[in-house]
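Each chain, letter by letter, is given below.
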Amino acid sequence: MSETRGRQLLPGQTSRVHVYDVEAREGRLVFASDRVLVEAPNVLDDGRVLLNGGGDLWLLPLPPVGTVLDETALVPVPMPGVPEINNDHVLDPSDGSVVVSARNGELYRVPLPDGGSAEQLTDTTAALPTKRKFYLHGIAPDGSALAAIVGERTEDGVWTTNVASVDPMTGEPTFLTRDAFPDDGCTITPVGGIWLFNTERFTPGTAQLATVWPGHADPVRITNDDRVNWFPHLSPDGSHLLYLSYEPGVQGHPADHRVELRLLPGALVRGARIAVEPETLVTLDGGQGTVNVPPWSPDSRWFAYCDYPVAP
């Protein structure tokens, strides 16, 4: 019997992909399936959406307005030699490839759009005082650094998650944070080389968005409310900061919650002092898988997201 790979749909659940026009403040449904759970969209230069599903990568063409595709429209991306992946995969703008995070904790580079033999970028089997796993969330525009969360488990069983810049040539991490505060969702902004991530260092147990500016060591808080805020994604032009927001009290970034996609001015990332309330663009059933990785189109006009409604 073959082993089940990837997340699976609940009874009565549907996996859907939407695209959201930021100027029009309007979304449209482009994919729905009650057979395959897809998650974590990236957007290619040609507008196709890259998704994770069943531990593999898939390409989804955007249909005409009014058309909703199903699982038969998914085009597989062959990745020979890569074990089952999770939903942390990011496009490398410097060469058009995608770097994926495998469930074994390693990072692999895969050519796009046709797939092919992958290059392993990290080696977690090296003899270290701690056991490591890499979770990719961003890539520098020139491909010189991978923005990853590095999970480490010490010999006494303590598990930490910290922000690191990983050298794509050597796989070695340079840590931006290294402490007991849980961090996640890190990325390098497309403008200015600023680091973004979510962290519990300001309010233990409640994730908030933070930034680290070039030449500075201390994270600066961006969001400051009682909601649990994850996965900051700055649009390529730097205008919009999109993120996922859970209700107060949620731990981690679980699936199957009522969540919001919220928008803030991108200027906040660069340190501008703006008194502004976040705008809720969409309220949906999702969380894990909705926008784990950068979902913006290259022209910053729209983004893709996933939701997972369950029929009554």
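Below: a short report on this structure. Owing to the predicted nature of the structure, the values given are computational and were not obtained by experimental measurement.

As for the overall build of the protein
Now for step 1: Across its full length, the protein carries 0 helices and 23 strands.
Now for step 2: Each principal axis of the C-alpha atoms in the protein carries an extent, and together these give about 50 × 50 × 35 Å.
Now for step 3: Per-residue burial over the protein gives 54% buried out of 312 residues.
Now for step 4: When contacts within the protein are restricted to residue pairs at least 6 apart in sequence, long-range pairs at least 24 apart make up 46% of them.
Now for step 5: Split by element, the accessible area of the protein, about 13400 Å² in all, is 51% carbon and sulfur.

Notes on the side chain of Asn198
Now for step 1: Its location among the elements puts Asn198 in strand 16 (residues 195-199).
Now for step 2: Classification of Asn198 as buried rests on a relative accessible area of 1%.
Now for step 3: Residues in contact with Asn198, not counting those within four places in the same chain, are Pro182, Asp183, Asp184, Gly185, Ala207, Gln208, Leu209, Asn229, Trp230, Phe231 and Pro232.

A word on the pairing of strand 16
Now for step 1: Among the 5 residues that make up strand 16, 5 are buried, leaving the element largely enclosed by the rest of the structure.
Now for step 2: Alternating positions in strand 16 separate into two faces, Trp195, Phe197 and Thr199 on one and Leu196 and Asn198 on the other, with burial throughout.
Now for step 3: By the bridge criterion, 4 bridges tie strand 15 (residues 183-188) to strand 16 in an arrangement that is antiparallel. Paired with Asp183 across the bridge in strand 16 is Thr199.
Now for step 4: Here strand 15 folds back onto strand 16 in antiparallel fashion, the turn holding 6 residues, of which Gly192 has a positive phi close to 90°.
Now for step 5: Summarising the sheet, strand 16 and strand 17 (residues 208-212) pair through 5 bridges and their orientation is antiparallel. Bridge pairing in strand 17 places Leu196 opposite Thr211.

Each value, and the rule that gives it
Residues numbered from 1 in each chain as written. Predicted model: local features only at pLDDT ≥ 70, side-chain atom pairs only at ≥ 80, totals over all residues. Heavy atoms only, no water. Helix = DSSP H or I, 4+ residues; strand = E, 2+ residues; numbered from the N terminus. Buried < 20%, exposed > 50% of the residue type's maximum accessible area, 1.4 Å probe, protein only. Contact = heavy atoms within 4.5 Å. Areas by Shrake-Rupley, 256 points an atom, 1.4 Å probe, with all protein chains shown as cover. Pairing = 2+ DSSP bridges.

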